[in-house]
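Residues per chain are reported as follows:
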Amino acid sequence: MSDAARIRVRGQVQGVGFRPFVWQLAQSFDIRGEVLNDPEGVLIHAQGADLQAFVAAITTDAPPLARVDAVETAAFRFDTPPESFEIAASQGSGAETRVTPDAATCPDCLADIRGDDPRRRGYAFTNCTHCGPRFTILHGLPYDRAQTTMAGFTMCADCAAEYADPADRRFHAQPVACAVCGPQLSFEDGHGAHPEAIALAAQRLKEGAIFAIKGLGGFHLCCDATNPQAIETLRTRKRRPVKPLALMGRWDEITAYANPSEAERAALASVAAPIVLLPKTTPLPEALAPEQNRLGWMLPYTPLHHLLLDAVGRPLVMTSGNLSGEPQVIGNDEAREKLAEIVDGYLLHNRDIARRLDDSVMQVTPHGPMILRRARGMVPETLPLPPGFEDAPQVVSFGAHLKSAICLIKNGQALLSHHLGDLDDLLTWEKFVKADADYAQLFDHQPQVFVCDLHLDYRSSQHAAARAGGAQIEVQHHHAHLAACLAENGWPRDGGAVAGIILDGLGLGTDGTIWGAEVLLGDYDGYTREAYLRPAPLPGGDAANREPWRNLFARLDQAGMAEVADARLAGQPLTLLRQAMAKGVNAPLSSSAGRLFDAFAALLGYDGAQSFEGEAAMALEAMATRAPRAEVANAYPFTPLPDGALDPAPLWDAALSDLEEGLGPDIIALRFHAGIAQAFATQARALTESGRAKAVALSGGCFQNALLLDLTIEALGDVPVLLHTKVPANDGGLALGQAVIAAATQMRRR
Ligand code: ZN
Ligand code: ZN
Ligand code: FE
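Quick caveat: nothing in here was measured; it's all calculated off a predicted structure.

Another point: the coordination of the zinc ion (ligand 1). Perfect tetrahedral coordination of a metal by four donors corresponds to 109.5 degrees between them, and perfect octahedral coordination by six donors corresponds to 90 or 180 degrees. With distances of 2.3 to 2.4 Å, the protein atoms coordinating the zinc ion (ligand 1) are Cys106 (SG), Cys109 (SG), Cys128 (SG) and Cys131 (SG). Metal-centred angles of 102 to 122° between the 4 donor atoms at the zinc ion (ligand 1) mark the site as tetrahedral. For the zinc ion (ligand 1), all donor residues lie on one chain, and their spacing in sequence is C-x2-C-x18-C-x2-C. Here cysteine 106, found in the loop between β5 (85–87) and α3 (107–113), pairs with cysteine 131, found in the loop between α3 and α4 (157–164); they are 25 residues apart in sequence, far enough to count as distant. Given the relative accessible area of 0%, cysteine 131 is considered buried.

Take a look at the structure:
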């Protein structure tokens, strides 16, 4: 290397303190020249004797929030030799100035709020280049203070000096603030506003009160997680009878009540600070997550949370602050209006939230970390597309309906949006339309291709049709799940066919029935349906999604066990439903794995209606997880039929005789899990053994069931397996699969 070079750095290198980092490196290696941002990332012109070591340190010492994808060097000649190292003005317009995700409070800022400097001690909005709010305070690009909800706060002289000093940790930290100049907390209750916000809120929480707390991406509802009475009150007022509540605790509390593994600790401590599902060890009130083996925990991720947790000294419930079915509240007035019936007070502040982001959710399975809900701290991070998609057109895809998210493709990258939620809710639907416009503007996106599900009754599909003027590309739901798994694993476009085991809720099939438990063989360009769960009616249509017993009824009748159905479901209107099913009225055929789980949960005594999606299946997973693993050897059988259908009829016989013999429900639940895993794994394995498939991909919402995932991988044996880690296996990841399939389609047409 000569002593001068042009150095290009690619990756997540803007808005993360990269230029001051390079400036400081230059000082320590005695390098002269300049560093600047441009549309491709960071550009450095450098001269000095130690150039090689300087270049190496760019990767090895990069700042915490940076991700260096590539460092490219080329020879360079300065017109006039530089005498110092400068941070130069940004170059180029239309720059894809990256916005990084929101990041949890860094150790240095935590030390500041516990330290002696009166500007930061106890100050709830302390942040720096390595941490703090980003995407949640951003109105539009470029990412600078004027475009954020910090625009209204004028920096004091001290903050301005930190902001301007390349040697300072807060150099160019857009939300920089202190107690003198920045946002302020307030606590309100029935007696008005109080200045000692944290201390008073902590005291009232310990007395059993319920608060709305304004966080980073929205409001939380909060109460003492060790107080059963407070939890019951919260559940009653929020009309949320059993759905698990998330907890926030410091390391002390988390290790006292759970026993996180190394991998779980790493997930908790990541800059996204997600909710991580951890096995219950030391008991907390059962009402936090009835019937579940696990609790969702997160660490405090803003100074406000740290200060509150320090003052309370016990774990807190932190569940999203919304009315049932609606999106999380983000505005102060909105909170006072909507949450008044639920809470005893409000811990507020005067920094606005520009965009709503739920907490992200993860679990660690025996096969590694898995993202269940992709939101705060994880967006707007892009995923590189697999080889073969370099020339993909700009695509936008709109996902499904219940766990909606959209996906944009541009420049060989996919941007999967945050979790947007259930489009049946009108407010969520409005947010969905806004998110479409919002992401397009943020990423300077001009889509040529619009993509949706085959199911044209979905609001997301109608939106695609409207945007495309009727020229949208429609993608089969489970093909999209398969492609999402391939794309996230970087499976090349010409990598060959893969066997996809897709175990899911509901998705419209090409034959007009509703699919949901399939073995597909294919790739981005197409697929065949090689095996599937034998379809059964959904008696009562939508009602069958809420009431598990309806699926048990349909499956028992199908298996020729009508008298068993009559005996076990004596109180239900079976005669009417049989008449309707015989005429095909309101009884669509479905091969859904989710509904088979529901049916089985009903057999084990789950009666009534589910209060949230997946309730019965989650209870079944929790039961099966408690059973001795050796019971896998007694998996319930399925019968493969000549047309590719897998008939579950024999499993009912087997399970009923186990019940009659008095076998415990935990063991029966495990034998059921193992039965499904083995039946589908056998089909997929046959495709790899015959050479038709190169690997097996696992996708669909049921693979968020960690036990089912593990049993399926075990049953597959030594074949290569692709699974979801970064992109949700459920419909939250669907849009990624839709987008790559449509990109492949479009590239074939060219
Ligand atoms: Zn910091
Ligand atoms: Zn200040
Ligand atoms: Fe799905």
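Let us now look at the pattern of salt bridges. All chains considered together, the criterion is met by 45 salt bridges. One salt bridge in this structure joins arginine 169 and aspartate 112, with 3.0 Å as the shortest N-O distance. Of this pair, arginine 169 sits in the loop between α4 and β6 (185–189) while aspartate 112 sits in helix α3, placing them 57 residues apart in sequence. A salt bridge links arginine 529 to glutamate 518; the nearest nitrogen and oxygen atoms lie 2.5 Å apart. One end of the pair, arginine 529, is in strand β25 (residues 526–533); the other, glutamate 518, is in strand β24 (residues 514–523), with 11 residues separating them in the sequence.

Bringing the coordination of the iron ion (ligand 3) into the picture now. Protein-derived ligands of the iron ion (ligand 3) are His477 (NE2), His481 (NE2), Asp504 (OD) and Asp731 (OD), with the metal-ligand distances lying across 2.0 to 2.3 Å. Between the 4 donor atoms coordinating the iron ion (ligand 3), the angles at the centre fall across 87 to 169°, so the site counts as irregular. Exposure remark for histidine 477: the relative accessible area of 0% places this residue in the buried category.

Before going further, it helps to spend a moment on the pairing of strand β21 (residues 449–453). Where burial is concerned, most of β21 is hidden: 5 out of the 5 residues are buried. Of the strand pairs in this sheet, strand β18 (residues 395–397) and β21 are connected by 3 bridges, and their pairing is parallel. Following the sheet pairing, valine 395 is matched in β21 by valine 449. Since β21 and strand β22 (residues 473–475) lie parallel, the crossover through helix α12 (residues 459–468) that links them has a hand, and here it is right-handed.

Assigned domains within the protein: domain 1 (4–87), domain 2 (99–183), domain 3 (185–361), domain 4 (380–489 + 729–749) and domain 5 (498–722). The distance between the C-alpha centroids of domain 3 and domain 5 comes to 35 Å. Domain 3 puts 8 residues into the contact, and the matching count from domain 5 is 9 residues. In total, domain 3 and domain 5 occlude about 670 Å² of area from one another, counting both sides; carbon and sulfur atoms represent 54% of this. At the boundary of domain 3 and domain 5, one finds 0 salt bridges. Put simply, domain 3 and domain 5 have 2 residue pairs in polar contact (both at pLDDT 80 or more) between them. Here the side of domain 3 that touches domain 5 is built from residues that sort into 3 nonpolar, 2 polar and 3 charged.

Attention shifts here to the packing of aromatic side chains. What the rule picks out here adds up to 15 aromatic pairs. Taking 5.2 Å as the distance between ring centres and 70° as the angle between the ring planes, the aromatic pair formed by phenylalanine 18 and phenylalanine 21 counts as edge-to-face. Of the two residues, phenylalanine 18 and phenylalanine 21 both sit in helix α1 (residues 18–29), 3 residues apart, roughly one turn of that helix. Comparing phenylalanine 18 with phenylalanine 21 shows no difference in burial state: the two are buried. Over the ring of phenylalanine 135 we find arginine 355, and its NZ or CZ is 4.4 Å from the ring centre. Positioned above the aromatic ring of tryptophan 515 is the side chain of arginine 529, whose terminal nitrogen or guanidinium carbon lies 4.0 Å from the ring centre.

As a further point, take the packing of helix α18 (residues 593–603) against helix α21 (residues 665–689). The N-to-C vectors of α18 and α21 enclose an angle of 160°; their axes lie 11 Å apart at closest approach. For the element pair α18 / α21, the angle class is roughly antiparallel. As for how α18 packs across α21, the hand of that crossing is right-handed. For the pair α18 and α21, contact is made by Leu596, Phe597 and Phe600 and by Ile668, Ala669, Phe672, His673 and Ile676, respectively. When the residues that make up the contact of α18 with α21 are grouped by side-chain class, the tally is 7 nonpolar, 1 polar and no charged.

So, on to the sheet that holds strand β3 (residues 41–47). If you trace the 5 strands from one edge of the open sheet to the other, you get β4-β1-β3-β2-β5, paired in mixed fashion. The open sheet is flanked by β4 (67–75) and β5, the only strands paired with a single partner. With direction set aside, neighbouring strand axes in the sheet form an average angle of 15°. Each of β1 (4–12), β2 (32–38), β3, β4 and β5 is contacted by α1, which is oriented at about 175° to β5, the strand it contacts most.

To continue, consider the environment of tryptophan 549. You can see tryptophan 549 is positioned in helix α15 (residues 548–558). Residue tryptophan 549 is classed as buried on the basis of its relative accessible area of 5%. Counting along the chain gives 16 residues from tryptophan 549 to alanine 565, while the straight-line C-alpha distance between them is 9.6 Å.

About the cut-offs
- Residues numbered from 1 in each chain as written.
- Chains lettered and ligands numbered in written order.
- Predicted model: local features only at pLDDT ≥ 70, side-chain atom pairs only at ≥ 80, totals over all residues.
- Heavy atoms only, no water.
- Donors = N, O, S within 2.8 Å, 3.2 Å for Na, K, Ca; no water.
- Tetrahedral: all angles 85-135°; square planar, octahedral: opposite > 155°, others 65-115°.
- Helix = DSSP H or I, 4+ residues; strand = E, 2+ residues; numbered from the N terminus.
- Buried < 20%, exposed > 50% of the residue type's maximum accessible area, 1.4 Å probe, protein only.
- Salt bridge = Lys/Arg side-chain N within 4 Å of Asp/Glu carboxyl O.
- Pairing = 2+ DSSP bridges.
- Right-handed = clockwise from strand over helix to strand, strands pointing away.
- Domains from an automatic or database assignment.
- Contact = heavy atoms within 4.5 Å.
- Buried area = accessible area lost by both parts, 1.4 Å probe.
- Polar contact = N/O pair within 3.5 Å; in protein donor to acceptor, adjacent residues only side chain to side chain.
- Nonpolar A, V, L, I, M, F, W, Y, C, P; charged D, E, K, R; others polar.
- Phe/Tyr/Trp six-rings, centres within 6.5 Å; stacked < 30°, edge-to-face > 60°.
- Lys NZ or Arg CZ within 6 Å of the ring centre and 35° of its normal.
- Axes fitted to C-alpha atoms, helices over the stretch in contact; angles between N-to-C directions.
- Parallel < 35°, antiparallel > 145°, perpendicular 65-115°, else oblique.
- Left-handed = near helix turned anticlockwise from the far one by under 90°.

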